[in-house]
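So you can see what is in the structure, the chains are spelled out below.
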Amino acid sequence: MKVVGIRSLVKILSKNTEMQMPDSIGYKVLALIAALGIMIPCTLIVGFISFVMTEALIEVENPGGGMLFEMQILSAFSMIFGILVIFSVMFFSSDREHFVTLPIPSHHLMMAKFTYAYMAESIMEFMVLLAVFIGYFIAIGRNIGVLAALNPISIIAALIGIFLIPLVPMIYCGIFSLVLMAALSRVKSTKIFYRLSTIFLVLFAGLFVLSLKGIGEINMENYVESLGSGSNLLLRTLNIIFFPVPWLSNAISEGSIVWLLLSVAGNCGLLAIFFFLGKALYQKGLYTAASLGSSKKAEVKAGDIKQTSQYRASLQKELKVILRTKAFSGNCAYINVLWPVGAFLLFHFNGNKGVFAQFIEMYGEGRDRASMILLMVIIAIAFIATALNSLASTAFTREGQHLALIKFIPVPYETQMYAKATLSFMFTYPMLVITDIIICIYMKAPVYICVFFAIIMLMAHLISIVIGMWMDSSSPYVEWDDEYSALRGNLNTFFNMAIMMVLSFAVVILGIVLYELLKLPILAYYIIMLAVLIGVFLRLFVVGKRAILVNMDKMS
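Attention in this report is confined to the structure presented alongside it. What you are looking at is a predicted structure, and each value in this text was computed from that prediction instead of being measured. Position labels on residues start from 1 in each chain and follow its written sequence. Residue-level local features of this predicted model are given only where pLDDT is at least 70; pairs of side-chain atoms are given and counted only at 80 or more, and the full residue set underlies all totals for whole chains, interfaces and linings. Side-chain calculation: all heavy atoms of the structure are included, whereas hydrogens and water are not.

1. Notes on the overall build of the protein
In plain terms, the rule: Numbered from the N terminus, helices here are DSSP runs of H or I no shorter than four residues, and strands are runs of E no shorter than two. Each residue gets one of three labels from its accessible area relative to the maximum for its type: buried under 20%, exposed over 50%, partly exposed in between, using a 1.4 Å probe on protein chains only. All accessibility values rest on the Shrake-Rupley procedure with a 1.4 Å probe; residue burial counts only the protein chains present in the view.
Across its full length, the protein carries 25 helices and 0 strands. Sorting the 556 residues of the protein into buried and exposed places 49% on the buried side. Carbon and sulfur atoms make up 70% of the accessible area of the protein, which totals about 26700 Å².

This is the structure in structure tokens:
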């Protein structure tokens, strides 16, 4: 394997498939905000969870159980969400036709694409794993002493594990891709593969539900106890699938070089299987991908040619792009369902115990502080949900290399802009309203409060749409090879999330100032928050609309 040649290919792929940050102070500030507001808090939360779970499992003499469970959960999600990324990068990226004509061995190209996808998909996971290990070592140090916890072999194993743990699921994804593309040479359809991630997700969810059997009352304490006793079905199954991970966990918890070497050997063995399988099948898979792509021809039916309004036609075009593209439909449209489902599960399983029960009781007693906190949570959900689905912040990026058509099709810029904004509204706001209803039902909030929250959510949602579209129109990312690169490599999505985090934080600060310092009644706080959001939206709508239209005219 020519490492130097593969490394050069990885550099080329990285430059061609990632958005370059605009040379602007504003974008650099947003990058700093994103790091401080998203990446660091996420890693701190994960580290704290690792610390708490390790402390709990020390009592049942299984201190590494919590760390192992977190590593296996990360492995499972890496495989669920990585399968379509690997498939797209290895077989259906737009640079395929350019590379296959060059004198490059096909398996070298495969390893370069795999390495690029592995690095691009795992950057955040590296940080999360570092936090997992830090939380583990802090908990161990508190119980057996710092010097005993900082075993050199354990430290080395943890550092190696940061890079090895995301590797196994990605190798599995690559092997599945090779085998299924070989099978698709006769099937002539990619639908089977595109549904594979859904199948993995359903299997994972089923295993999680089965792992709840036999633990008694469903709560965190009992679940952690099942991890410590080794009876958790989900963990046992994942230990078999991702077999090098428990070996690495043993190396860290026991400070054993034997377990560390076994884990490294397991990863190397899987990588070797992937390499030699690619040497045999990747070229055939590329031919299959080319034949599948060439067989997809647009078939125009008489019923498709009919007169309609420009706005309706633009909206239909946006809907088709989202719903017919697996990357966009899963990551932009269907992801919004997680908010009402998450709210239901959170209140259903925790609403009558612990902090949740106390908060619901406080709200039912009419405590103003509880009402203030609930409103802040509602506003934060609306901001973050809109930014998270990236429908607004990829509004122009989704056009890709056809972005210039915006200027030349006989549809006014304003009509196209409203169609893109409507798309984000259609997929996001109804889910926000359902989430609002679920929260209000469990909190036993009056109907008028539920309606008020829906209006508040609408204002926050519209603000997020305007900011997202404004940013994406200013610097759209159009040189992407596949739809996953359009989402993963688009800095506008990341920075829009950073802005929404700042706005959510500003809401919290405003609430503290109005209620805690100025001692205003809760009704005044509600009215002021609504007035502020309406005022911000109206100002943004006027200024942002004008800026978006100017940016659309500059697109080429």
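2. Brief notes about the nonpolar core
The criterion, for reference: Grouping buried Ala, Val, Leu, Ile, Met, Phe, Trp, Tyr and Cys residues that are joined through side-chain atoms within 4.5 Å yields what is termed a nonpolar core. We call two residues in contact when some of their heavy atoms are within 4.5 Å.
Membership of the largest hydrophobic core comes to 67 residues, with the highest contact counts inside it found for Met71, Met90, Phe91, Phe133, Ile252, Phe274 and Tyr282. For this core, the element with the most residues is helix α5 (residues 106-144), which contributes 17 residues. Contacts of Met71, omitting those with residues within four sequence positions, involve Leu129, Phe133, Ile165, Val245 and Ser249. Counting 65 residues, the second-largest nonpolar core is a separate cluster that includes Tyr363, Ile439, Ile465 and Met555.

3. Considering the packing of aromatic side chains
Rule in force here: Think of it this way: a Phe, Tyr or Trp ring, Trp meaning its six-membered ring, pairs with another when their centres are within 6.5 Å, and the plane angle makes it stacked under 30 degrees, edge-to-face over 60, tilted otherwise.
Applying the stated criterion across every chain yields a total of 15 aromatic pairs. Their ring planes at 45° and their centres at 5.9 Å tell us that Tyr172 and Phe242 sit as a pair that is tilted. Pair noted here: Tyr172 is in helix α8 (residues 167-187) and Phe242 is in the loop between α12 (233-241) and α13 (244-254), with a separation of 70 residues, a long-range link. For the residue pair Tyr172 and Phe242, the accessibility class agrees, reading buried in each case. Feature note: the residues Phe452, Phe453, Tyr525 and Tyr526 constitute an aromatic cluster, connected by ring pairs.

4. Structural notes on α13
Residues of α13 that are buried include every one of Pro244, Val245, Pro246, Leu248, Ser249, Ala251 and Ile252, and no others. Gly255 lies just past α13 and shows a positive phi near 65°.

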